[in-house]
Amino acid sequence: MSETHIICRKTRTTSEREAVFAIRRTVFIDEQNVPEDIEYDEFEDSAIHFICHVDGRAVGAGRLSILEDRLKVERIAILKEFREMGLGGRMVQTILQEC
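The structure presented is a predicted model; accordingly, all values stated were derived computationally and were not measured. Each chain carries its own residue numbering, running from 1 in the written order of its sequence. With the structure being a predicted model, the display of local features is reserved for residues of pLDDT at least 70 and the display and counting of side-chain atom pairs for 80 or more, all residues being used for whole-chain, interface and lining totals. Only hydrogens and water are removed before side-chain values are computed, so all heavy atoms of the structure are retained for them.

Peer 1: It is not clear to me how the pairing of strand 3 (residues 57–66) should be interpreted in this structure. Could you clarify?
Peer 2: Each regular strand carries side chains that alternate between the two faces of the sheet. The rule is simple: take the accessible area with a 1.4 Å probe, protein chains only, and divide by the maximum for that residue type; under 20% is buried, over 50% is exposed, in between is partly exposed. Counting from the N terminus, the helices are DSSP H or I runs at least four residues long and the strands are E runs at least two residues long. Buried residues dominate strand 3, accounting for 7 of its 10 residues. A pair of strands is treated as paired once DSSP finds two or more bridges between them. As defined by bridge partners, strand 2 (residues 48–54) adjoins strand 3 across 7 bridges and the pair is classed as antiparallel. Bridge pairing in strand 3 places F50 opposite G62. Hairpin connection from strand 2 to strand 3: 2 residues lie between these consecutive antiparallel strands, with D55 at a positive phi of about 50 degrees. Here strand 3 pairs with strand 4 (residues 71–78) via 6 bridges, running antiparallel. Residue pairing across strands places G60 opposite I78, the latter belonging to strand 4. Linkage of strand 3 to strand 4, two consecutive antiparallel strands, is achieved through a turn of 4 residues.

What follows is the structure, given as structure tokens:
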């Protein structure tokens, strides 16, 4: 049995950021019926975006919003078939390390 390779980190490229938005679309808009105008907001450009890969596949997303008086960890999303692997917790730990 081969070992699963998991990497969670800040996005580095435009294509990774697009993958983050695609994951969020799948989880929040398609699965949870969150309206698109609520999911994507005025903080997208100023936020720091994070991505989680499992064996090279983008499967998780999150962001750190920098507000006037605080930092906000939000938009944690993991594709359905990769849930129950502890990836949400890993994503939060990765984001908190950035703080």
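Let's pick the thread back up.
Peer 1: Hey, could you run me through the sheet that holds strand 2 in this one?
Peer 2: Sheet strands pair via backbone hydrogen bonds, and the direction of the pair is either parallel or antiparallel. One open sheet holds the 4 strands; their spatial order is 1-2-3-4, and the pairing between them is antiparallel. Across the chains shown, the open sheet's two edge strands, defined by having one partner strand only, are strand 1 (6–10) and strand 4. Neighbour-to-neighbour, the strand axes of the sheet open up by a mean angle of 15 degrees, direction not taken into account. Contacts are assigned to residue pairs that have any heavy atoms within 4.5 Å of one another. Axes, fitted as lines to C-alpha atoms, cover a helix only where it is in contact. Angles between the N-to-C directions of the axes lie from 0 to 180 degrees. Against the sheet, helix 1 (residues 14–31) engages strand 1, strand 2, strand 3 and strand 4, with an angle of about 80 degrees to strand 2. In the packing of helix 3 (residues 87–98) onto the sheet, the strands contacted are strand 1, strand 2, strand 3 and strand 4, and the crossing angle to strand 2 comes to about 140 degrees.

Peer 1: Explain the pattern of salt bridges here, please?
Peer 2: Oppositely charged side chains can form a pair if their charged atoms are brought close together. Basic side-chain nitrogens of Lys or Arg form a salt bridge, by our definition, when they fall within 4 Å of a carboxyl oxygen of Asp or Glu. All told, the structure shown has 16 salt bridges when counted by the stated rule. For R83, the salt bridge identified is with E31, shortest N-O distance 2.7 Å. Of this pair, R83 sits in the loop between strand 4 and helix 3 while E31 sits in helix 1, and the two are 52 residues apart along the sequence. For R75, the salt bridge is made with E74, and the minimal N-O distance between the two is 3.5 Å. Residue R75 is classed as buried on the basis of its relative accessible area, which comes to 17%.

Peer 1: What is the right way to look at helix 3 in this model?
Peer 2: Each full turn of the α-helix corresponds to 3.6 residues, which orients residues three or four apart in the same direction. Take the number of residues in a helix, subtract one, and multiply by 1.5 Å to get its expected span. In this model helix 3 runs 17 Å from its N-terminal to its C-terminal C-alpha over 12 residues, within 8% of the 16 Å that 1.5 Å per residue would give. By the burial criterion, the buried members of helix 3 are L87, M91, T94 and I95. Seen along its axis, helix 3 keeps its buried residues to an arc of 95 degrees; they face one direction. Exposed residues lying more than 90 degrees from the buried face of helix 3 are Q93 and Q97. Next to the buried residues of helix 3 lie strand 1, strand 2, strand 3 and strand 4. Of all possible arcs, the one meant is that of the directions from the helix axis to the C-beta atoms.

Peer 1: How should I be thinking about the environment of G56 in this particular structure?
Peer 2: Inspection of the secondary structure assignment puts G56 in the loop between strand 2 and strand 3. Taking the C-alpha atoms as reference points, G56 and R90, separated by 34 residues in sequence, lie 16 Å from one another.

Any functional reading would require information beyond the geometric quantities listed.
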